[in-house]
Amino acid sequence: MHTGPSLALAIITCFLQRYFCESGWVKKEGLKPGSETETYGYKAFSGEGFVMQCTKPQSAGLCERLYNITASSEEADWSRAEGETNRDRDFLRDDGAVRGRGNALWFSTVTANDSGKYACHTGGMVFHFYVEVLERGSLGCRDPEESRVTLVLGKGGMIPCPGIKCQTQRSEVPASNTEVTWYKDARPVCEQQEERDISVEDRYILRLGTVHVSDATVYFCDYTYEDNGIPWTVRRSVNVSVIPDTKDPPRMTYPHGNEETVELGEPHTLSCEVQFGFQRTFDPVVQWWISSHSNHEGMMKLMEMEAQQVSERSIEELEFTVTRTAQIPEVTQLHLDSTFTCLAQNSVGNSSATIMLTRKPAVSRVLVIGCPVVCLLFVAGLGITVHVYWLEISILYRIYRPYKQTTTDDREYDAFVSYVPSSSSEEGGGGGGGRGRGVREEPLEVLLPRVLEGQWGYRLCMLERDLLPGGAYAEDVVWAICSSRRLVCILSPDYLASTCLFELETGIRALQQDAHLRLILIWTSPSTSSPNPRPSSPNPTNSRPLSLPLSHTLGLVSPASPLPPVVRRAIRVLPALYWTPQDQGRMITRSNSGSRFWRALHKAMPAQSGTGTDTRTLSDTQDRGTVL
């Protein structure tokens, strides 16, 4: 065969391919003709740290630094080529994930997005790098070495180069030519061999004779091979952490006390939690033992236990939690007479916790049944009480709830006066009952309008005077109450036996609906006779049974007709004033503050025009000493 022409043709093809390829790089990068370029390849693995310097990768066997950390970042001008035309110089990130460090490009955590073509300009040289980021699972190894290693302080340690063993087994990298170069940060390990006991074993394992605190850093391991004429460097990183070996025995965290309560005949689980310090050879032992008091030999027996569970608390806290449980299918008296011991052990020492089972006190059935019944009865009683006394509760709420009343509430009258004319008002005179001779005693229904209208300036509504005759009595009463800000009732035996009781009952019902209406009850002394009571009307309330509210009348009133239930219940809680003949001449003047009756009445009346607002309620009358 004539191999000469074929060999020449292959050489020419390779030369042209290399020429046009480099010309394309020069054209895309804007280099001057004649600039020297070199091309290399890197393989990194996702999730690891990665660094590449702006020079050719270190050759195997040479004791040189990984990169020049003392060089200025301006000496290395890095750029990244995206596609065929776009040239990106803004790939350096502000968050520090990709940054310049000396003459190198540093990736804190490399990802698949970082794969691509990179170029570095330094002096008259241009270096082109192909970066291929692989996934760790792409190696197909069953037990790949981790990129994180934990070493024990003061002990010897091994740091394997991740993935190289797997790749040599798969023949991706020739095993005979594989030589791993180790770096501690940027410094080659070969520089430290004279300072400490450190060496490479089995071509890819870094052995540390004694682990120091300074060994907690990032290590890089490189191995190279050539593919299609391009030198490729596989660079792996290993994060090494150093922790001290524990010198303490295990520490019990549960059980806390010496006793646990159980129920006879029920299953029970004994649980034991123990904290172990970190050890290079971590082999914790947690066991449950039982010792019966009836056993005269005092021997302990190992209980049947579940498999112990080891949970890593925190590698920074250097401790692990081990939990082990033992199940008692049915608690018997024998278990109550026994002692249970949890024993924990490591290479340093052991610790134990002993507990006894005590019978849980039986819950009284009376207590179990009685508490819900009592609560139910209390709620039911409270509901019944509220239902029965709802009228009294609502009236008290209306009376004692503070409110603001103004003079512009569109009411025609300040007060509606409800009364029954007494015999004194018809006779026109009488004794003074302890008063001086010649002083005329006037009934309250005559004196009250003269004082409230003539002296205090209030507008009063009185049925006989202000309403036209011939109208419906019930409608007139409702209209008069709704048009007034106060309902003043002058109570007497004649009043309770007359149809005027309808006016009081209507006012009580209006009080439950009108928040601004207030009732003023004034009890008077009983009169000897009442010849001219108001004609009775067919009011159905007069047929209700009699019930005398002695708490308000103090034995002074004896009604001759039944009281409506609403009135009987309301006057038990409504505050009231008492009128006596001695109060007739002790009215409020500029020079006289008046009797308690007139002061209390003045305070209970609404605000007048030009006097602002009145926030007083009838509860203010409690300082008079006459409120019932």
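Sequence order sets the numbering: in each chain, residues are counted from 1 along the sequence as written. A pLDDT threshold of at least 70 governs which residues receive local features in this predicted model, and a stricter bar of 80 or more applies before side-chain atom pairs are shown or counted, although totals over entire chains, interfaces and linings include all residues. Each side-chain value is derived from all of the structure's non-hydrogen atoms; neither hydrogens nor water enter the calculation.

### Digging into the overall build of the protein chain
And then number 1: Scanning the protein chain for helices and strands turns up 14 helices and 30 strands.
And then number 2: Counting every position in the protein chain, which comprises 628 residues, the buried fraction comes to 43%.
And then number 3: Every residue pair with non-hydrogen atoms within 4.5 Å of one another is taken to be in contact. For the protein chain, restricting intrachain contacts to residue pairs at least 6 apart in sequence, the fraction spanning at least 24 positions comes to 68%. To qualify as a helix, a DSSP run of H or I must reach at least 4 residues; to qualify as a strand, a run of E must reach at least 2; elements of each kind are numbered from the N terminus. Accessibility here uses a 1.4 Å probe with only protein chains present; expressed as a share of the type maximum, an area under 20% marks a residue as buried, one over 50% as exposed, and anything in between as partly exposed.

### Let's talk about the packing of helix α7 (residues 444–455) against helix α14 (residues 596–604)
And then number 1: The geometry of α7 relative to α14 is characterised by a closest axis approach of 13 Å and an angle of 55° between their N-to-C directions. Taken together, α7 and α14 sit at an angle that is classed as oblique. When you trace α7 past α14, the crossing you get is right-handed. Residue-level inspection shows L444, L447, L448, V451 and L452 of α7 in contact with α14, the latter providing F597, W598 and L601. Simply put, an axis is a line fit to the C-alpha atoms, just over the touching stretch for a helix, and the angle between two N-to-C directions goes from 0 to 180 degrees. Just so you know how the angles are binned, under 35 degrees is roughly parallel, over 145 roughly antiparallel, 65 to 115 roughly perpendicular, and the rest oblique. Working rule for handedness: look at the near helix, and if it is turned counterclockwise from the far one by less than a right angle, call the crossing left-handed; if clockwise, right-handed.

### A short note on the state of the cysteines
And then number 1: Disulfides are defined as pairs of cysteine sulfur atoms found within 2.5 Å of each other. Summed over all chains, the structure comprises three disulfides.
And then number 2: Between the sulfur of C54 and that of C120 lies a disulfide, 1.6 Å long from S to S. Torsion about the S-S bond of the C54 and C120 cystine: about -110°, corresponding to left-handed handedness. One end of the pair, C54, is in the loop between β2 (50–53) and β3 (77–82); the other, C120, is in strand β7 (residues 116–122), and 66 residues separate them in sequence.
And then number 3: Under the relative-accessibility criterion, C120 is labelled buried at 0%.
And then number 4: Sulfur-sulfur distance for the disulfide between C161 and C221 comes to 2.0 Å.

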